[in-house]
Amino acid sequence: MLSVLRDRTYRHLFTAQVVALLGTGLATVALGLLAYDLAGADAGSVLGTALAVKMVAYVGIAPVIGALAHRIPRRRLMVASDLIRATVALALPFVTTVWQVYLLIFLLQSASAAFTPAFQSVIPEVLPAERDYTRALSLSRLAYDLESVVGPVLAAGLLALTGYHWLFWGTTAGFLGSAALVLSAVLPKPVRGVGAGRGGAGSDVTADTGAGADADAGSAADGAVPGAFARSVHGLRLFLARPRLRALLALDLAVAAGGAMVIVNTVVYVRDRLGRPPGDVPLALGAYGAGSMVVALLLPRVLDRVGDRAAMLPAAFGTAGLLGALAGLTAAGPADWRWPTLLLLWAALGAAGSLILTPTGRVLRDEVPPADLPAAFAAQFSLSHGCWLLAYPLAGRLGAAAGLPTAAAALALLALAAGAAAARAWRPAPADRAVRGQVAGGHAAEAPVRPPVSAPTPGRPAGLRYRRRGPSRV
């Protein structure tokens, strides 16, 4: 898996991601302590509102940034996002009222909504070989899991030496380090998106994808470029028009159903239902992250032998089954076996989520032409967080009003419906049965570089004219 780090550009980008995520992990701990200082017993309400503000920023900002990204070099966009995040982190220790927290969190997460899709859209161009890109996706999943594990541990060590306000300085350092690493990377020249070429909207015009300075994607555009609103909805139109992308959205909903139950209600399960000490709360959350990390480590070899569909769809139905089992566990009477069972359920939910999330970039790359990848990643980023925006209040408010067993059962039904919708939309076609990573002599053969994109088909909507030739993964 680590062989992809031999590529200098990817190594710098991956290190930038890790450094920024470690800074985010410090900010998560510091923000909780800041909220307690400002609101006392109402700190949970403050954090819940801040979480909702974060999701609103993700859902609303990502498509807008995606619409304007063609006018900004990707490296400049990512560096500017990091600098904004560093500035916000630097200001957080000085806030004195709750509304200032909400405003700064909105600014920080809006910058993240600009950085993340741009970062994701660059990686398949840096690592075009299928096996390399799959391993990069697994490393990215591991980086996100490390944020939830290493970040709090690092924060605990720093808190033993100094006050929590200094954690925000660590966050600032992380974002500045990320900006420096992105600046040091030599990015491929971008492929011009919808309407950027002289052929008008959806024309099949590409720039040189060899290593070189990150050119301004908007410099070659002419009067045929559609407006910002058309660009902002283009990624959403891609998802609505392509069955596999609609299936991907349904799978995101299944992940959100399982993850929201863990994130929102872990403290209630551990402290209230099981009567465990406070120190067991991070242990339970760590089990969720550990399950995700194990799958991220093993998944590249699995995806060399099976298709994306064969890995992702069972995970959605598995999430529904695990949430159903959780409802039964919650309704059970006091017993010693409930604590280890909860840890196993949390680890399994983390594993199921990773099975769905890790191959997402592969599905997008297969379904979307290179010119439309930034818009597709921005739309996926926005829509997936929209699923979380739905699942969070369902897990929290339903659990508080009707009880945890009812909340778990409702989320199980949501995950089951999402899995069924994904299976209905993502049907295996005859061409899908040939998996690119063919097994030869016990080893997966090197997958070819991205297959060619067919010419536009007359009569289809602009920007939706592309279809990849050759077999697709199941």
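Residues numbered from 1 in each chain as written. Predicted model: local features only at pLDDT ≥ 70, side-chain atom pairs only at ≥ 80, totals over all residues. Heavy atoms only, no water.

Visitor: Help me get a handle on the packing of aromatic side chains, residues and values and all.
Guide: All told, the structure shown has 5 aromatic pairs when counted by the stated rule. Summarising the aromatic geometry, the rings of Tyr10 and Phe14 are spaced 5.9 Å apart at their centres and angled 25° between planes, so their arrangement reads as stacked. Here Phe14 and Tyr10 lie together in helix α1 (residues 8–39), a separation of 4 residues that amounts to about one turn. With respect to burial, Tyr10 and Phe14 carry one shared label: buried. For the pair Tyr269 and Trp346, a centre-to-centre distance of 5.7 Å together with 80° between the ring planes defines the contact as edge-to-face. One end of the pair, Tyr269, is in helix α8 (residues 243–273); the other, Trp346, is in helix α11 (residues 338–357), and 77 residues separate them in sequence. Sitting above the plane of the Phe115 ring, Arg85 keeps its charged end 4.7 Å from the centroid. (Phe/Tyr/Trp six-rings, centres within 6.5 Å; stacked < 30°, edge-to-face > 60°. Helix = DSSP H or I, 4+ residues; strand = E, 2+ residues; numbered from the N terminus. Buried < 20%, exposed > 50% of the residue type's maximum accessible area, 1.4 Å probe, protein only. Lys NZ or Arg CZ within 6 Å of the ring centre and 35° of its normal.)

Visitor: An account of the pattern of salt bridges is requested, with residue identities and associated values reported.
Guide: All chains considered together, the criterion is met by 4 salt bridges. Here Arg85 ties to Asp82 by a salt bridge, and the two come within 2.6 Å at their closest N and O atoms. Here Arg85 and its partner Asp82 are both found in helix α3 (residues 74–91), 3 residues apart, which amounts to about one turn of the helix. The exposure class of Arg85 is buried, given its relative accessible area of 6%. (Salt bridge = Lys/Arg side-chain N within 4 Å of Asp/Glu carboxyl O.)

Visitor: Lay out helix α4 (residues 98–126) in plain terms, naming residues and giving numbers.
Guide: Given 3.6 residues per turn, any residue in an α-helix points the same way as the ones three and four places further on. For α4, built from 29 residues, the straight-helix expectation of 42 Å at 1.5 Å per residue is met to within 8% by its first-to-last C-alpha distance of 42 Å. Burial analysis of α4 places 21 of its 29 residues in the buried class, the great majority of the element. (Expected span 1.5 Å × (residues − 1).)

Visitor: Account for a nonpolar patch on the surface, naming residues and giving values.
Guide: A cluster of nonpolar side chains, namely Val56, Trp99, Leu103, Phe106, Leu107 and Leu389, defines an oily patch on the protein surface of about 540 Å² accessible area. Sorting elements by how many residues they give to the nonpolar patch places α4 first, with 4 residues. Mapped onto the elements, Leu103 comes out in helix α4. What makes Leu103 partly exposed here is its relative accessible area of 44%. (Patch = residues over 30% accessible without salt bridge, like charges linked within 9 Å, V, L, I, M, F, W, Y side chains within 5 Å. Areas by Shrake-Rupley, 256 points an atom, 1.4 Å probe, with all protein chains shown as cover.)

Visitor: Break down helix α13 (residues 373–402) for me, citing the residues and quoting the values.
Guide: Between its terminal C-alpha atoms α13 stretches 42 Å, which fits the 44 Å expected from 30 residues at 1.5 Å a residue. Taken from the residues just after α13, Gly403 is the one with a positive phi, measuring 105°.

Visitor: Which residues make up the confidence of the model for the chain, and what values do they have?
Guide: The share of residues in the chain with pLDDT of 70 or more is 77%, and the mean pLDDT across the chain is 76. Predicted confidence for residues 193–225 stays below pLDDT 50, and this span has 75 contacts to residues more than four positions away or in other chains. Here residues 431–474 is a poorly scored stretch, pLDDT under 50, and it has 111 contacts once near neighbours within four places are set aside; other chains count. (pLDDT = per-residue confidence, 0-100. Contact = heavy atoms within 4.5 Å.)

Visitor: Give a detailed account of the nonpolar core, specifying residues and quantitative values.
Guide: If you look at the biggest cluster of nonpolar residues, it comprises 94 residues, and the most contacted ones within it are Tyr10, Leu13, Met261, Leu323, Leu326 and Trp346. When residues of this core are assigned to their parent elements, the largest contribution, 15 residues, is made by α8. Residues in contact with Tyr10, not counting those within four places in the same chain, are Val4, Leu5, Ile123, Val126, Leu127, Ala136 and Leu139. (Core = buried A, V, L, I, M, F, W, Y, C linked by side-chain atoms within 4.5 Å.)

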